[in-house]
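The chain contents come next:
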Amino acid sequence: DVKVTQSSRYLVKRTGEKVFLECVQDMDHENMFWYRQDPGLGLRLIYFSYDVKMKEKGDIPEGYSVSREKKERFSLILESASTNQTSMYLCASSVLTEKLFFGSGTQLSVL
Amino acid sequence: DQQVKQNSPSLSVQEGRISILNCDYTNSMFDYFLWYKKYPAEGPTFLISISSIKDKNEDGRFTVFLNKSAKHLSLHIVPSQPGDSAVYFCAFTGNQFYFGTGTSLTVIP
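Quick summary incoming for the structure in this document.

Calculation criteria
Residues numbered from 1 in each chain as written. Chains lettered and ligands numbered in written order. Predicted model: local features only at pLDDT ≥ 70, side-chain atom pairs only at ≥ 80, totals over all residues. Heavy atoms only, no water. Helix = DSSP H or I, 4+ residues; strand = E, 2+ residues; numbered from the N terminus. Rg over C-alpha atoms; globule rule 2.2 N^0.38 Å. Buried < 20%, exposed > 50% of the residue type's maximum accessible area, 1.4 Å probe, protein only. Areas by Shrake-Rupley, 256 points an atom, 1.4 Å probe, with all protein chains shown as cover. Contact = heavy atoms within 4.5 Å. Salt bridge = Lys/Arg side-chain N within 4 Å of Asp/Glu carboxyl O.

### Thoughts on the overall build of chain A
Point 1. What chain A contains, in helices and strands, is zero helices and 12 strands.
Point 2. In sequence order, the secondary structure elements of chain A are arranged as β-β-β-β-β-β-β-β-β-β-β-β.
Point 3. Computed over its C-alpha atoms, the radius of gyration of chain A comes to 13 Å, within 12% of the 13 Å expected for a compact globule of 111 residues.
Point 4. Along the first, second and third principal axes, the C-alpha set of chain A runs to 35 × 25 × 25 Å.
Point 5. Going through the 111 residues of chain A one by one, you find that 48% of them count as buried.
Point 6. For chain A, the accessible area works out to roughly 5400 Å², and carbon and sulfur atoms hold 49% of it.

### Focus: the environment of A:L100
Point 1. Mapping A:L100 onto the fold places it in the loop between β10 (87-94) and β11 (101-102).
Point 2. Sequence spacing of A:L100 and A:F33 is 67 residues, and the spatial spacing of their C-alpha atoms is 9.0 Å.
Point 3. The contacts of A:L100, once residues within four sequence positions are left out, are A:F33, A:Y35, A:A92, A:S93, A:S94, B:Y36, B:F97 and B:F99.

### Description of the pattern of salt bridges
All names here are of chain A.
Point 1. All told, the structure shown has eight salt bridges over all chains when counted by the stated rule.
Point 2. A salt bridge links K71 to E30; the nearest nitrogen and oxygen atoms lie 3.7 Å apart. With K71 in the loop between β8 (64-70) and β9 (73-78) and E30 in the loop between β4 (23-25) and β5 (31-38), this residue pair connects regions lying 41 residues apart in the sequence.
Point 3. What makes K71 partly exposed here is its relative accessible area of 24%.

These figures capture arrangement, not role.
Right, here's the structure in full:
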């Protein structure tokens, strides 16, 4: 079974803090994604990566950056956390574009 | 521009009856159509999919229907069970994945 592991289930941070969300997948997938889920807005794509060292902006990249130094690891960085970044963050991986495998999610609260 | 729409934010169904969740899309170039199920505080899990060359796919209690001329996707759950209560997202793939806003299904015992 594919396993996508997100480092934290719950995080509480202060406004202005730099926040790192880590994601690791164990199936050698080329593609990795970061989404956020908010009530009534569905899943919105923040960033994605089709290979090591490459990244592409999704629909809502503002206030975020990403890092993919190794194939299995894709990190999401909030450079200076703000209250409107309080959300559920979901990492996912895939082979091609047939099916996404999601991690358990990180519920981030920014106070 | 929203390419994928789930117009019903919520749906309540009696246990044992049929649940029908709907999704509309605008882009004719999608390759695969998928449904995901999500419980609170968990990541979405894949439920069922259908390729653009088919119009029906069945897996146990779950059936997905694709109407390409109407650009409409639906998920039927028969019979519905209380454990089916969750948020359901439709998704479409082309060069990336596009998700709907979700429908919260409540199955009443």
